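Coordinate inspection notes
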Amino acid sequence: MKSTLYRLALLVSIICVAGCASLPPQAGRPVTHALTNTDDTRLGTQLSPSNQQHPGDTAFHLLITGVDAFVARIVLAETADRSVDLQYYIWHDDETGQGLAASLLAAADRGVRVRLVLDDLGTSADDEVLLALNSHPNIEIRLFNPVAARSFKKLGTLFEFSRVNRRMHNKAMIADNQAAILGGRNIGDEYFGASSSVAFSDLDVLLHGAVVSDISNEFDLFWNSDEVYTVESLVGHKAPAGALDAYRQHLAASVAAREGGAYADEVKTRLKDALKSDDLSFSWGHATLLFDDPTKITRSPNDIQGHLLTKFNALHVEPQHDMLVISPYFVPGDEGMAWMKGLEARGVDVTVLTNSLAATDVAAVHSGYSRYRMEMLEAGVHLFELKPVADSETKKKMLFGSSKASLHAKTYVFDRSSIFIGSMNLDPRSLTLNTEIGVYCEDPKIASQVVSDVTPQLNTLAWKLERRTDASGDSKIVWIENGPGGPQELTSDPDVSSFRRMEIWLLGLLPIESEL
């Protein structure tokens, strides 16, 4: 009886602590900005001549494979002389997460200033690890829209749900204010081709030139915003003595344990070639940085001030011939449907690639998407859903070469002449709740490259959805399976159980579309 009463009292105390927790004051928090005197750095010296030949323009290089995307980040960390700024929604404590952490720690040891903004819920990092890294004199870590109750974080999330439901989904890395990487990838094995269980098909772009200073300014806006908190102020104390040394030893042991592994060897080979080579191919064009203001999360979802989509609409991008939409989480809503119908009515050929039910990692979003499938098909949209398993031939392809594939790229191509690459899905959560970032590139070369990589593979990598009308006049959706024996028509979501289909049907009954 006493034990039961004790446990009940403890539970009540925990609930009270979690429910009453509040965020610390922001007074006295240092304000810092991107370093601008970096033309004499290694990156500045290497990139300045071509930047001067293309004033006002930006250089683009697509990072298509996961290994290339990871190596590019390591190269920036190892080449930086003055500063590295990083902004990420997810950062896993796995092979690639630890590998990049080790490179950043080495950069800080040689005097490089490292600033890191992480989403508190997306990353869900160990506060003690963050404190240890933050104790380095050249590293500072801040958390976006954090949960106030640090000791009982999951419980605190429930009490603070209305606030912490708004997240920072941005992904960006900037080195010496000279070069940057934007795109769809978080930091983790599944994003860089190092996971044996799942690999996300994704896309980043490596940039240098005019737009990089804009990306640095975006980072500074978040870094100094009231929505971002220092780790020490949240936890209430500094790292204990020896914490950084202990983490160094842990990190070194983890990295050493993977030496000789297939992925580690491939990265080492690619890294050696990348560091000694200066002939990476770039194309040039005009770039516009688009992002949500960090104060977006403090306003009503219906307030479109400072929204990325509002800024994009101001560019008046109006495709005349064709448009390719690649979005893993795709819930068009009434406005999106009106937009696509308007394009089709003007003769624009719209193709959409998204995840199938078998490939998606977020069932709730698929339930929101599925209710729009028939309407899209009736409007004339070419709709494709990525298969979760690629065959032996398509594994060799560049953009979707995974044996257990799930789409994660957020890429939109207009008339093969311009392209948006970033973190923004076409769903209510990206558009109205979370903050996002991306770059609109007016460059036919990379726009055509993406279309040329994706479209020839669609009928093999994905199921094509089509509308059929039966004898009674009722419409239904079929999935076209192109196999060795020719095309076959499937009449329900392929490669999933009846239970999974029922789960999606039940989720579709819930009024949750605004949260997807």
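Residues numbered from 1 in each chain as written. Predicted model: local features only at pLDDT ≥ 70, side-chain atom pairs only at ≥ 80, totals over all residues. Heavy atoms only, no water.

Among the surface-exposed residues, Met-502, Trp-505, Leu-506 and Leu-509 lie close enough to one another that they form a single nonpolar patch of about 440 Å² accessible area. Among the secondary structure elements, Leu-509 is positioned in the segment after helix H20 (498-508). (Patch = residues over 30% accessible without salt bridge, like charges linked within 9 Å, V, L, I, M, F, W, Y side chains within 5 Å. Areas by Shrake-Rupley, 256 points an atom, 1.4 Å probe, with all protein chains shown as cover. Salt bridge = Lys/Arg side-chain N within 4 Å of Asp/Glu carboxyl O. Helix = DSSP H or I, 4+ residues; strand = E, 2+ residues; numbered from the N terminus.)

For the rest of this paragraph, the subject is the pattern of salt bridges. Within this structure, the stated rule accounts for 28 salt bridges. One salt bridge in this structure joins Arg-115 and Asp-220, with 2.8 Å as the shortest N-O distance. Of this pair, Arg-115 sits in strand S3 (residues 113-119) while Asp-220 sits in helix H9 (residues 211-223), and the two are 105 residues apart along the sequence. Accessibility assignment for this pair places Arg-115 and Asp-220 in one class, buried. (Buried < 20%, exposed > 50% of the residue type's maximum accessible area, 1.4 Å probe, protein only.)

Moving on: the pairing of strand S2 (residues 83-88). Of all six residues making up S2, six are buried, and the element is well covered by its neighbours. Side chains of S2 alternate between two faces, with Ser-83, Asp-85 and Gln-87 and Val-84, Leu-86 and Tyr-88 buried alike. Note: S2 against S3, six bridges, orientation parallel. Looking at S3, one finds that Tyr-88 is bridged to Leu-118. Read as a crossover between parallel neighbours, the route from S2 over helix H4 (residues 95-109) to S3 is right-handed. Bridge analysis of S2 against strand S5 (residues 172-175) gives four bridges, and the strand direction is antiparallel. Paired with Val-84 across the strands is Ala-175, a residue of S5. (Pairing = 2+ DSSP bridges. Right-handed = clockwise from strand over helix to strand, strands pointing away.)

Geometric values such as these leave the question of function open.
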